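The lines below spell out each chain.
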Amino acid sequence: MPGSIGVKKINIAVFLSGTGSNFKNLIKHSKKKKSKFKISLAISDKSKARGLHYAYKYKINKKTVNYLNIKNSEKNILTELKKNKIDIICLAGFMKILSNNFIKKFKGKIINIHPSLLPKYKGLNTHQRAINNNEKFAGCTVHHVNSKLDSGKIILQKKVKILKTDTSSKLAKRVLKQEHILYPKALKKILSTL
Ligand code: GRF
């Protein structure tokens, strides 16, 4: 194929536990002509995660890890990452916390998307908490992953106005739309520094 010779793409692994809309969206972006990355692996702690369907659909290697024992599970994940020559890990709705030891092994190479304007509303139920506190804005953040939950250095953020009529699920839908714009942008930013 003309133009594709000698262009080495960055190998990405996406970790997910649920719907996988961010996973699907990253796959879509990876298929663009000028994309510098390739999604080579999906990791999930749930064999029934709906998002894994996209791994089948787009013929992406996938591995489910049961997490009965964190140490063994992370060891299995590391083996897969090595096998697939993964450069960067994108967490996208992955509901397990990675150990310090694991993070150290991929230092500076793990990023996450979180549905709030960090440092506000770390953890779960972000939208409901923002509504309850009468915040004017909700939003999403892509950040580096460090040993503390949702606390690594921020890469990019996008605000979303909270409407008077908002419920947590209405707001979540609008935020998710922005996530799908923000995550590829943040990834591009990271890749430009490699
Ligand atoms: C997103 O809201 C993301 O910010 C959060 O988990 C959700 C995952 O959604 N970390 P999806 O599985 O990518 O649709």
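What you see is a predicted model, and the numbers here were worked out from it, not measured in a lab.

Asks: Please give an account of the environment of Asn125 that cites residues and values.
Replies: By the element assignment, Asn125 lies in the loop between β5 (110–114) and α5 (126–132). According to the relative accessible area criterion, Asn125 is exposed, its value standing at 59%. On a C-alpha basis, the gap between Asn125 and Ser17 in space is 16 Å, while along the polypeptide they are 108 residues apart.

Asks: Residue-level account of the sheet that holds strand β6 (residues 137–144), with values.
Replies: What the 7 strands build is an open sheet, ordered β3-β2-β1-β4-β5-β6-β7; its pairing is mixed. Looking at which strands have only one partner, the edges of the open sheet turn out to be β3 (61–64) and β7 (154–161). Mean inter-strand twist for the sheet, computed between neighbouring axes without regard to direction, equals 20°. In terms of strand pairing, β6 meets β7 through 7 bridges, oriented antiparallel. Bridge pairing in β7 links Cys140 to Lys158. In the packing of helix α1 (residues 21–30) onto the sheet, contacts are made with β1 (10–16), β2 (37–44), β4 (88–91) and β5, and the angle to β2 comes to roughly 160°. The sheet strands contacting helix α6 (residues 168–192) are β1, β2, β4, β5, β6 and β7, and the helix crosses β7 at an angle near 155°.

Asks: Break down the site of the ligand for me, with residues and values.
Replies: Looking at the ligand, the residues that line it are Thr19, Gly20, Ser21, Asn22, Gly93, Ile113, His114, Pro115 and Glu179. Ile113 is positioned with one of its backbone polar atoms (N or O) 2.9 Å from a nitrogen atom of the ligand. Within the side chain of Glu179, an N or O atom sits 2.9 Å from an oxygen atom of the ligand. Calculation on the ligand without its partners gives an accessible area of 360 Å², and the protein chains cover 80% of this total. When residues of the shell around the ligand are traced back to their parent elements, those giving at least two are α1 and β5. In the shell around the ligand, the residues fall into 2 nonpolar, 6 polar and 1 charged.

Definitions and cut-offs
- Residues numbered from 1 in each chain as written.
- Predicted model: local features only at pLDDT ≥ 70, side-chain atom pairs only at ≥ 80, totals over all residues.
- Heavy atoms only, no water.
- Helix = DSSP H or I, 4+ residues; strand = E, 2+ residues; numbered from the N terminus.
- Buried < 20%, exposed > 50% of the residue type's maximum accessible area, 1.4 Å probe, protein only.
- Pairing = 2+ DSSP bridges.
- Axes fitted to C-alpha atoms, helices over the stretch in contact; angles between N-to-C directions.
- Contact = heavy atoms within 4.5 Å.
- Near = heavy atom within 4 Å.
- Polar contact = N/O pair within 3.5 Å; in protein donor to acceptor, adjacent residues only side chain to side chain.
- Areas by Shrake-Rupley, 256 points an atom, 1.4 Å probe, with all protein chains shown as cover.
- Nonpolar A, V, L, I, M, F, W, Y, C, P; charged D, E, K, R; others polar.

On their own, these measurements won't tell you what the molecule is for.
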